[in-house]
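Read off the chains here:
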Amino acid sequence: MTENIFTLLTQEVRGLLAALLPDLPAEALARVQVEPPRDPAHGDMATNAALVAAKPARMPPPKLAAALAERLLALPMVTEATPAGPGFVNLRLDENFLRGQVSTVLKAGTAYGDSRLGGGVRANVEYVSANPTGPMHVGHCRGAVVGDALANLMKKAGWAVTKEYYINDAGNQVQALGWATYWRYVRTVTMDADAWNAENAERRFGVALQYRGDYLVAVGEALAERFGDTLMPREVGASELPPEETMSAFGPALERGWLVKTSWIDTCRETAVAMMMVAIREDLAMLGVAQDVFRSERAMVEAGAVEGAVSLLERKGLIYEGVLEPPKGKTPDDWEPRPQTLFRATDFGDDVDRPLRKSDGSNTYFANDIAYHADKVGRGEQLLIDVWGADHGGYVPRMTAAVKAVSDGRVPLEIVLCQIVHVLKGGEPVRMSKRAGTYITLRDLIEEVGRDAVRFTMLTRKSDAQMEFDLDRVVEQSRDNPVFYVQYAHARCCSVLRQAEAMDPALTAGLGAVSLAALTDGAEMALIRRIAAWPRMVEAAATAREPHRIAFYLGDLAGDFHVLWNRGRDDSTLRFIREEDPVATRARLALVAATATVIRSGLGVMGVTPVNEMR
RNA sequence: GCGCCCUUAGCUCAGUUGGAUAGAGCAUCGACCUUCUAAGUCGAAUGUCGGGGGUUCGAAUCCCUCAGGGCGCGCCA
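Residues numbered from 1 in each chain as written. Chains lettered and ligands numbered in written order. Predicted model: local features only at pLDDT ≥ 70, side-chain atom pairs only at ≥ 80, totals over all residues. Heavy atoms only, no water.

1. Comments concerning the domain arrangement of chain A
Test applied: The start and end points of each domain follow an automatic or database-based domain assignment.
Domain annotation of chain A identifies domain 1 (5-93), domain 2 (122-167 + 290-418), domain 3 (173-275) and domain 4 (478-606). On a C-alpha basis, the centroid separation for the pair domain 1 and domain 3 is 73 Å.

2. Concerning the sheet that holds strand β11 (residues 339-343)
Note the following rule: Whether two strands pair comes down to DSSP finding at least two bridges between them. What counts as a helix is a DSSP run of H or I of at least four residues, what counts as a strand is a run of E of at least two, and both are numbered from the N terminus.
Taken together, the 3 strands give an open sheet; going across it, the order is β10-β11-β12, and neighbouring strands pair in antiparallel fashion. In this open sheet, the two strands that pair with only one neighbour each are β10 (319-323) and β12 (354-355). Across 5 bridges, β10 lies against β11 in antiparallel orientation. Among the inter-strand pairings, isoleucine 319 is bridged to a residue of β11, identified as phenylalanine 343.

3. A few points about the protein's contact with RNA strand B
How we decide: Distances are taken per atom, and a residue is near a molecule or strand as soon as one of its heavy atoms is within 4 Å of it. Polar contacts, as counted here, are pairs of nitrogen or oxygen atoms within 3.5 Å of one another; within protein the pair requires one atom able to donate a hydrogen and one able to accept it, and residues that are adjacent in sequence qualify only if both atoms are side-chain atoms.
Lining the immediate environment of RNA strand B, one finds 58 residues, of which Asn90, Ser359, Arg492, Trp565 and Arg575 sit closest. In the interface set of RNA strand B, defined as its atoms within 4 Å of the protein, sugar plus phosphate atoms amount to 54%. One nitrogen or oxygen atom from the main chain of alanine 544 is found 3.2 Å from a base oxygen belonging to RNA strand B. Only α3 (49-57), β4 (88-93), α7 (172-189), α17 (482-503), α20 (534-544) and α21 (548-570) provide two or more residues apiece to the surface near RNA strand B.

4. So, the packing of aromatic side chains
As a reminder of what qualifies: Stacked, tilted and edge-to-face pairs are distinguished by plane angle, under 30 degrees for stacked and over 60 for edge-to-face with tilted covering the rest, among Phe, Tyr and Trp rings (Trp via its six-membered ring) whose centres lie within 6.5 Å. With a 1.4 Å probe rolled over the protein chains alone, any residue whose accessible area is under 20% of its type maximum counts as buried; one over 50% counts as exposed, and the rest are partly exposed. Placement of a positive charge over a ring is assigned whenever Lys NZ or Arg CZ falls within 6 Å of the ring centre and within 35 degrees of the normal to the ring plane.
For the structure on display, the rule yields 19 aromatic pairs. Both rings, one in tyrosine 165 and one in phenylalanine 294, keep their centres 5.1 Å apart while their planes meet at 25°; by these two values the pair is stacked. Taken as a pair, tyrosine 165 in strand β6 (residues 160-167) and phenylalanine 294 in strand β9 (residues 293-296) lie far apart in primary sequence, 129 residues in all. For phenylalanine 294, a relative accessible area of 22% gives the class partly exposed. Grouping aromatic residues by their ring pairs yields a cluster made of Trp179, Tyr182, Tyr185, Trp196, Phe205, Trp258 and Trp264. If you follow arginine 204 out to its NZ or CZ, it ends over the ring of tryptophan 196, 4.6 Å from the centre. Positioned above the aromatic ring of phenylalanine 294 is the side chain of arginine 281, whose terminal nitrogen or guanidinium carbon lies 3.7 Å from the ring centre.

5. Quick look at the nonpolar core
This is how it is decided: Within this scheme, the nonpolar core is defined by two criteria: the residues are buried Ala, Val, Leu, Ile, Met, Phe, Trp, Tyr or Cys, and they are joined through side-chain atoms within 4.5 Å. Should any heavy atoms of two residues lie within 4.5 Å, those residues are counted as being in contact.
Grouped together as the largest cluster of nonpolar side chains are 158 residues, with contacts concentrated most on Tyr182 and Phe205. For this core, the element with the most residues is helix α22 (residues 582-606), which contributes 13 residues. Those residues in contact with phenylalanine 205 that lie beyond four places of it in its chain are Trp179, Tyr182, Trp183, Val186, Trp196, Pro252, Ala253 and Val260. Counting 31 residues, the second-largest nonpolar core is a separate cluster that includes Ala309, Ile319, Ala345 and Phe366.

6. A short note on the UniProt feature "domain: Arginyl tRNA synthetase N-terminal" (unreviewed entry) in chain A
Using the following cut-off: UniProt positions are given in the numbering used here, feature names are shortened, and annotations may be inferred rather than shown by experiment.
In this numbering, the UniProt entry assigns the feature "domain: Arginyl tRNA synthetase N-terminal" (unreviewed entry) to residues 3-93. Counted over residues 3-93, helix gives 46% and strand 20%. Its end C-alpha atoms are 15 Å apart.

7. Quick look at the UniProt feature "domain: DALR anticodon binding" (unreviewed entry) in chain A
As recorded in UniProt, the feature "domain: DALR anticodon binding" (unreviewed entry) lies at residues 486-614. Along residues 486-614 the backbone is 71% helical and 0% strand, and the end-to-end C-alpha distance reaches 11 Å.

8. Quick word on unusual backbone geometry
Positive phi outside glycine occurs at arginine 58, with the angle close to 55°. The phi dihedral of arginine 545 falls on the positive side, at around 55°, and the residue is not glycine. Its place among the elements puts arginine 545 in the loop between α20 and α21. Relative accessible area serves as the criterion here: at 15%, arginine 545 is assigned to the buried category.

9. Digging into the packing of α21 against α22
Under the convention used in this document: Note on definitions: angles span 0 to 180 degrees between N-to-C directions of axes, and those axes are lines fitted to C-alpha atoms, for helices only across the stretch in contact. For classification purposes, an angle smaller than 35 degrees is called roughly parallel, one larger than 145 roughly antiparallel, one from 65 to 115 roughly perpendicular, and anything else oblique. It is the rotation of the near helix from the far one that decides the hand of a crossing: anticlockwise by less than a right angle makes it left-handed, clockwise makes it right-handed. Lys, Arg, Asp and Glu make up the charged group, whereas Ala, Val, Leu, Ile, Met, Phe, Trp, Tyr, Cys and Pro make up the nonpolar group; the residues left over, Gly among them, are polar.
One can describe the packing of α21 onto α22 by two numbers: an axis separation of 10 Å at closest approach and a directional angle of 160°. The angle between α21 and α22 falls in the class roughly antiparallel. Crossing of α21 against α22: the hand is left-handed. Listed contacts from α22 to Ile550, Ala551, Tyr553, Leu554, Leu557, Phe561 and Leu564 of α21 are Leu591, Val592, Thr595, Val598, Ile599, Gly602, Leu603, Val605 and Met606. Of the residues belonging to the contact of α21 with α22, the class tally is 14 nonpolar, 2 polar and no charged.

10. Let's talk about the state of the cysteines
Cut-off, in case you're wondering: Note that a disulfide, as used here, is simply two cysteine sulfur atoms within 2.5 Å.
Tallying each qualifying case throughout the model produces 0 disulfides. Considering cysteine sulfurs only, cysteine 141 is the nearest to cysteine 418, which forms no disulfide, with 10 Å between them. Cysteine 418 gets classed as buried once you look at its relative accessible area, which sits at 6%.

11. Comments concerning α7
How we decide: For a helix, the expected span equals 1.5 Å multiplied by the number of residues minus one.
Its 18 residues place the ends of α7 26 Å apart at the C-alpha level, agreeing with the 26 Å of an ideal helix rising 1.5 Å per residue. Elements that come into contact with the buried residues of α7 comprise α8 (198-205), α9 (217-227), α10 (262-286) and α11 (297-302).

12. Observations regarding the pattern of salt bridges
This is how the line gets drawn: Salt bridges are identified by distance alone: a Lys or Arg side-chain nitrogen within 4 Å of an Asp or Glu carboxyl oxygen.
One pass over the structure, following the stated rule, counts 31 salt bridges. Where lysine 376 meets glutamate 126, a salt bridge forms, and the shortest distance between an N and an O atom there is 2.8 Å. In this pair, lysine 376 is assigned in helix α13 (residues 365-378) and glutamate 126 in strand β5 (residues 122-126), connecting sequence segments 250 residues apart. We note that lysine 376, like glutamate 126, is buried. Linking arginine 354 and aspartate 350 is a salt bridge whose minimum nitrogen-to-oxygen distance equals 2.8 Å. The class of arginine 354 is buried, set by a relative accessible area of 15%. For aspartate 350, a relative accessible area of 6% gives the class buried.

13. Some thoughts on the sheet that holds strand β14 (residues 413-418)
Taken together, 5 strands build an open sheet; the order of strands is β9-β6-β5-β13-β14 and the sheet is parallel. Only two strands of the sheet have a single neighbouring strand rather than two, namely β9 and β14. Each strand axis lies, on average, 25° off the axis of its neighbour in the sheet, ignoring direction. When strand β13 (residues 383-389) meets β14, the two strands line up parallel, connected through 6 bridges.

So this is what it looks like as structure tokens:
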């Protein structure tokens, strides 16, 4: 845990204000903030204290600001306190106090910026949760990176975080996967693969083959190896049809005259899901993502969790049988009023009540999702965060309503939506089609540009803004590639420290306790101020659930450092290492080491590996 | 038709949760550097924060409204 100079000053200001105005309501006191002013000419920090206290205190803001400024000036770390503008108090901090942050960083290491803000609250961050119907592609990638970085960020800011992956292994999608896998199995075993082309198979099975990608070939082969030809379909005449009472053991193919046991499809599905999950975990590992918990939807359903959740809602009087109005304006062609089992989502802010059962009696995805979120609540999670693709945006109100209902409003659910990523190559958008198998897999992407570039770039936009991922740009070694720019700053830091140590190991020893008085240059102080802002940045980004802010901060930090470096090119007295002045050298090396530490701390949140040299 | 998200410099985007004269990079223009600590430096110019209205000490930020772009809209997950 390291000090945050902004919260430190906030406490001081609140304390002084409360002493000045004993009757000030706590609500006003809570609105008192200390933040860096936009214009650095206004000083290191500014507080709105006089503005927020003026009305309840019945005093004009400037007068209050003047009184507050006088008291703030008495603080040891404050060298200037001036009322300004409509009632701000601008503060300038003692430079020794600021320099002290360098030592603080070096003592704390990458734990610098850790915070207790989250108060140890148990937060569950669920992300990726791709259907296990194929390898991960770029569409999943953004959510994976955003979720992982957000989890890291909140951990750093003091939440007790669980990273979770929900395996959607129940429902129609994986059923379709089972059939596609079965088709691959048949093509592996049969002597006449042409006769079992996709069109013939669809006709004979009576199902659509949604997943035709090559990645299922290996699953078909694995099944062929294990079961030989025992799962092969058999053509039957009308006279050979199985008795009525066993018909249910066969799927839709039977009507087309083909015997295919549903248990075979189950086997195919299970095998495929298992193998896909292995592949997905490999993909995640390549991306540097490792969730703590993998939860199976099917296992949850089979354990009766959905019935449990529904009856819980029933006991709360939130379930009823009813008929929904058709959507206003646009009525679907096949719309017909139908009584359904509905959840009273409107009681919790949703527009309409939401169905829990399909017409065939099975549960909707929503019902399963209620059970799943109730399960998280039941595990003692106190804050739920789901990272979703933006195409699920319409689903947000009903899910938050459901979590309110099952947790009696105790557990908030927050949804982070991730917009589409458009991949560009040579300035041209790369078109992707799942059906045609032309989509870019996560593996392709990582092999092309590297894991760190993928992760960093995915965090260079607010998650709910669309992003263009330019394959050429992210590997470019120039100022306008933030990945490179930040990595290069870290490598330069390491390079300086290596050189110094090679000259004399005593130069780099014990930097945490070195005298920093020689750090007087404006560019040096600017870098120190940036470093001192890191703990505040962590808290702000975590509170806003916006990990991309870390990327922007690191870009700024790198910029400050590069400025300093480049000044050494024009003026050799500003170089970090000056043989004739070991005291200044040691102070500057401490600053360099602190810069590298903060970069590492930030990259750690982003899950990006810092490099020690550029090649 | 309804709901949600987005619209900030020529381009790509930030904007510290309502703070002061709205910022950065690229591109443009003008100087400098030609070497070391390779993968430049400094300066200039650039705005109806999509339009309009409101809330208040104060709005790019909150509310209403209009325009343009994206997403979604009962038995898909």
